[in-house]
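Residue-level structural notes
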Amino acid sequence: MLIGGFTALVVLVAAAVGGLYWLDYESRHPEPDSGRPGAWMSTSADEVSRFAHVGIPAAAIDIRWGYQNGFQDDFAVLAFRVPQAGLEDFKGTLTVSGWAESRYVQGVDLAGFQHVGAPDPSSTLPLTCGDFYSPGPAKQIGTRVCLAARDDGTSQVWVSAFQTS
């Protein structure tokens, strides 16, 4: 009887550990479109563009985007390349009050850009960034746009947008 009880205890502990692992895995890897807070949602580049209040130029290539349903606030990232000849026209469509050379250090943004497979803006210099705020359905949207020239005649654009209080 002692061996049978010991075996049952081992099976019970193994089942409990396996259940905890499954719950932890599910919390770190939510299904797309789950709607749960923290989940990356399946959405279109146009929807992300509207959320961020940044239009995607017709000449843009290598467009990548992501939208995360936040616990309290939603978050979006958008990255693409535009021909350097059209960069000033693109910048003119934005309500950024001032552009400045910067070093990219936004941790949440970086994780978002990594999630969508965009180049890492934190390893790019010189980097020019500007911010602006836009009205949203419930809260303001804070948008950051960063730009960097590339050797191939294009400029890389990174956009991150958050709902703000």
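Now for a description of the structure that goes with this document. These numbers were taken from a predicted model, which means no experiment stands behind them.

**Quick notes on the environment of alanine 100**
Its place among the elements puts alanine 100 in strand β4 (residues 100-102). If near-sequence neighbours (up to four positions away) are discounted, alanine 100 is found in contact with Leu127, Thr128 and Cys129.

**Quick notes on the sheet that holds strand β2 (residues 61-69)**
The strand order β1-β2-β3-β7-β6-β5-β4 describes an open sheet built from seven strands, whose pairing is antiparallel. The open sheet has two edge strands with one neighbour each: β1 (39-41) and β4. Each strand axis lies, on average, 30° off the axis of its neighbour in the sheet, ignoring direction. Across seven bridges, strand β5 (residues 127-134) lies against strand β6 (residues 140-149) in antiparallel orientation. When the sheet's bridge partners are listed, threonine 128 is paired in β6 with leucine 147.

**Structural notes on the environment of leucine 94**
Here leucine 94 is to be found in the loop between α3 (87-92) and β4. Of the residues examined, leucine 94 reaches a relative accessible area of 10% and is grouped as buried. As for leucine 94 and valine 54, which are separated by 40 residues in sequence, their C-alpha atoms are 6.8 Å apart. Once you skip the residues sitting within four places of it in the chain, leucine 94 turns out to touch His53, Val54, Trp99, Phe132 and Val145.

**Here we look at the pairing of β6**
Within a regular strand, the side chains alternate between the two sheet faces. Burial analysis of β6 places eight of its ten residues in the buried class, the great majority of the element. Hairpin connection between β5 and β6: a loop of five residues separates the two successive antiparallel strands. Where β6 meets strand β7 (residues 154-164), ten bridges bridge the pair, whose relative direction is antiparallel. Bridge pairing in β7 places arginine 144 opposite serine 160.

**A few points about the state of the cysteines**
According to the stated counting rule, one finds one disulfide in the structure shown. Each sulfur of the disulfide joining cysteine 129 and cysteine 146 lies 2.0 Å from the other. Torsion about the S-S bond of the cysteine 129 and cysteine 146 cystine: about 110°, corresponding to right-handed handedness. One end of the pair, cysteine 129, is in strand β5; the other, cysteine 146, is in strand β6, with 17 residues separating them in the sequence.

**Things to note about unusual backbone geometry**
Along the chain, leucine 125 connects to proline 126 via a cis peptide bond; the corresponding omega equals -5°. Within the fold, proline 126 resides in the loop between α4 (107-115) and β5. Its identity is not glycine, yet histidine 53 carries a phi of approximately 60°, on the positive side. By the secondary structure assignment, histidine 53 is in the loop between α2 (45-52) and β2. Positive phi outside glycine occurs at aspartate 62, with the angle close to 50°. Tracing the backbone shows aspartate 62 in strand β2.

Procedures and definitions
Residues numbered from 1 in each chain as written. Predicted model: local features only at pLDDT ≥ 70, side-chain atom pairs only at ≥ 80, totals over all residues. Heavy atoms only, no water. Helix = DSSP H or I, 4+ residues; strand = E, 2+ residues; numbered from the N terminus. Contact = heavy atoms within 4.5 Å. Pairing = 2+ DSSP bridges. Axes fitted to C-alpha atoms, helices over the stretch in contact; angles between N-to-C directions. Buried < 20%, exposed > 50% of the residue type's maximum accessible area, 1.4 Å probe, protein only. Disulfide = S-S within 2.5 Å.

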